[in-house]
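Here are the chains, one letter per residue:
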Amino acid sequence: MRLRMLIALVIAILLLLFIIILVAAALLLSTGNPPEGEISGTYGLVYSIEAVLAEMIDLGREWIDYIAGQIARLSGNL
């Protein structure tokens, strides 16, 4: 029971830190003077998050393909 509460507390703290980081990034990008080549404002933050999520989805797809290939190879169904 205590372990579940500890895990829930750690997850909640990580989510709060993630939200704080997103808000800080949005505030930094909304200054109107972003680094060279960056998109300013909240749209820039959303665009960068979207790019990261797309890369994560692609990586997940590659892992699933790799695991499926290994299962097929081990079962002899090439």
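See the structure shown above.
Sequence order sets the numbering: in each chain, residues are counted from 1 along the sequence as written. Only residues with pLDDT of at least 70 are given local features in this predicted model, and only at 80 or more are side-chain atom pairs given and counted; all residues enter the totals for whole chains, interfaces and linings. Processing note: side-chain calculations cover all non-hydrogen atoms of the structure and skip hydrogens and water entirely.

K.L.:
Just to check I follow, could you spell out the overall build of the protein chain for this structure?
P.N.:
Counting from the N terminus, the helices are DSSP H or I runs at least four residues long and the strands are E runs at least two residues long. For the protein chain, the helix and strand inventory stands at two helices and zero strands. Throughout this description, buried means an accessible area under 20% of the type-specific maximum (1.4 Å probe, protein chains only), exposed means over 50%, and partly exposed covers the range between. A burial count over the protein chain gives 8% of its 78 residues as buried. Here the protein chain has roughly 7000 Å² of accessible surface; of this, 72% comes from carbon and sulfur atoms. Surface accessibility in these figures is a Shrake-Rupley result with a 1.4 Å probe; residues are shielded only by whichever protein chains are displayed.

K.L.:
Got a minute to help me understand a nonpolar patch on the surface in this structure?
P.N.:
Patch definition: residues above 30% relative accessible area lacking any salt bridge, with like charges linked at up to 9 Å and the nonpolar side chains Val, Leu, Ile, Met, Phe, Trp and Tyr linked at up to 5 Å. A carboxyl oxygen of Asp or Glu within 4 Å of a side-chain nitrogen of Lys or Arg is what we treat as a salt bridge. Together, Leu-3, Leu-6, Ile-7, Leu-9, Val-10, Ile-11, Ile-13, Leu-14, Leu-15, Leu-17 and Ile-20 give the surface a local cluster of nonpolar side chains, amounting to about 1100 Å² of exposed area. With relative accessibility at 43%, the residue Ile-13 sits in the partly exposed group.

K.L.:
Help me understand the pattern of salt bridges, please; the structure alone is not making it clear to me.
P.N.:
Close approach of charged atoms allows side chains of opposite charge to pair. Under the counting rule described, the total for this entry stands at one salt bridge. Of the charged contacts, one joins Asp-58 and Arg-61 as a salt bridge, the two residues approaching to 3.0 Å between their closest N and O atoms. With a gap of three residues between them, Asp-58 and Arg-61 both fall in helix 2 (residues 41-75), about one helical turn apart. Among the residues examined, Asp-58 registers a relative accessible area of 35% and is labelled partly exposed.

K.L.:
Explain the packing of aromatic side chains to me, please; I cannot follow it from the model alone.
P.N.:
Given two aromatic rings, their pairing is described by the distance between the two centres and the angle made by the two planes. For this analysis, a ring pair means two rings from Phe, Tyr or Trp (six-membered ring only for Trp) whose centres lie within 6.5 Å, classed as stacked if their planes differ by under 30 degrees, edge-to-face if by over 60, and tilted for the remaining angles. Evaluated as defined, the whole model comprises one aromatic pair. Their ring planes at 85° and their centres at 5.9 Å tell us that Trp-63 and Tyr-66 sit as a pair that is edge-to-face. Within this pair, Trp-63 and its partner Tyr-66 are both found in helix 2, separated by three residues, close to a single helical turn. The class for Tyr-66 is partly exposed, based on a relative accessible area of 47%.

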